[in-house]
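Notes for the structure review
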Amino acid sequence: ISLFTGAGGLDLGLHQAGFTSRVAIESDQEAINTLLINRERWKNCTIIERKIESVSSIEILEAGKISSSEVTLLVGGPPCQPFSKSGYWHSGDAKRLSDPRAQTLKQYFRVMEDLLPEVFLIENVPGLAFSSKDEGLTFLKDSIHLINRLKGTNYSFHAAKLNAVEYGIPQTRERVFVVGHRDGKKFSFPAS
């Protein structure tokens, strides 16, 4: 299940790694147009063209024709503007968790708590985990701990800042990735 799918780049990478997206949720019309143009790559994927706030977890399962026990991976790249450097350049600081767009993090964890996927993956800009302003990363950790306490799961939490150029991509693109397994399994990010 893919939340905040955008133009589908993260999903295409996961497809190359052997995953199949069953549901993609995106509200930006330009991104949706890109997904629809590339529809051939999304053969068995239902695209829900709305903001995540208006999509229930039941609707997600119905759209994907799956049960919650079949959800292997919940992936999402929530909007990065609340944590982006551009906020600093524009106004001297970013709003971070005070930015209304940061509410998408809560929506990600709402779906996660409802569906309890085997694995979760979140991708965002490095500003999510700045050492002096890491409330975004702290929010993620706290949300995972809360789900574990409420649902009796044992989601692990592994975060790393990776740069695409170090993995053979001809672009300097740093991103923070957060990955965890429902049963507490360890995860090692691939060596560059």
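First, a word on scope: everything that follows refers to the structure included in this document. (Residues numbered from 1 in each chain as written. Predicted model: local features only at pLDDT ≥ 70, side-chain atom pairs only at ≥ 80, totals over all residues. Heavy atoms only, no water.)

Focus: the pattern of salt bridges
By the definition in use, this model includes three salt bridges. Notably, a salt bridge pairs Arg50 with Glu59, separated by 2.7 Å at the nearest N-O pair. Looking at Arg50, the relative accessible area reads 31%, which means it is partly exposed. Given a relative accessible area of 25%, Glu59 falls into the partly exposed group. One salt bridge in this structure joins Lys161 and Glu174, with 4.0 Å as the shortest N-O distance. Note that Lys161 is positioned in strand S6 (residues 158–163) and Glu174 in strand S7 (residues 174–181), a separation of 13 residues in sequence. With relative accessibility at 52%, the residue Lys161 sits in the exposed group. Residue classification places Glu174 among the partly exposed residues on the basis of a relative accessible area of 32%. (Salt bridge = Lys/Arg side-chain N within 4 Å of Asp/Glu carboxyl O. Buried < 20%, exposed > 50% of the residue type's maximum accessible area, 1.4 Å probe, protein only. Helix = DSSP H or I, 4+ residues; strand = E, 2+ residues; numbered from the N terminus.)

A look at the sheet that holds strand S2 (residues 23–25)
Taken together, the seven strands give an open sheet; going across it, the order is S3-S2-S1-S4-S5-S7-S6, and neighbouring strands pair in mixed fashion. Sheet topology places strand S3 (46–48) and S6 at the edges, where each strand pairs with a single neighbour. Bridging between strand S1 (residues 2–3) and strand S4 (residues 73–76) involves two bridges; their strand directions are parallel. Bridge pairing links Ser2 to Val75 in S4. Relative to S4, helix H1 (residues 9–16) is tilted by about 145°, and along the sheet it contacts S1, S4, strand S5 (119–124) and S7. (Pairing = 2+ DSSP bridges. Contact = heavy atoms within 4.5 Å. Axes fitted to C-alpha atoms, helices over the stretch in contact; angles between N-to-C directions.)

Regarding the packing of aromatic side chains
Under the counting rule described, the total for this entry stands at four aromatic pairs. Look at Phe120 and Tyr155: their rings are 5.8 Å apart centre to centre, the planes differ by 70°, and that puts the pair in the edge-to-face class. In this pair, Phe120 sits in strand S5 while Tyr155 sits in the loop between helix H6 (135–151) and S6, placing the two residues 35 residues apart along the sequence. Judged by relative accessible area, Phe120 falls into the buried class, the value being 0%. Among the aromatic side chains, those forming a connected cluster through ring pairs are Tyr108, Phe109 and Phe139. (Phe/Tyr/Trp six-rings, centres within 6.5 Å; stacked < 30°, edge-to-face > 60°.)

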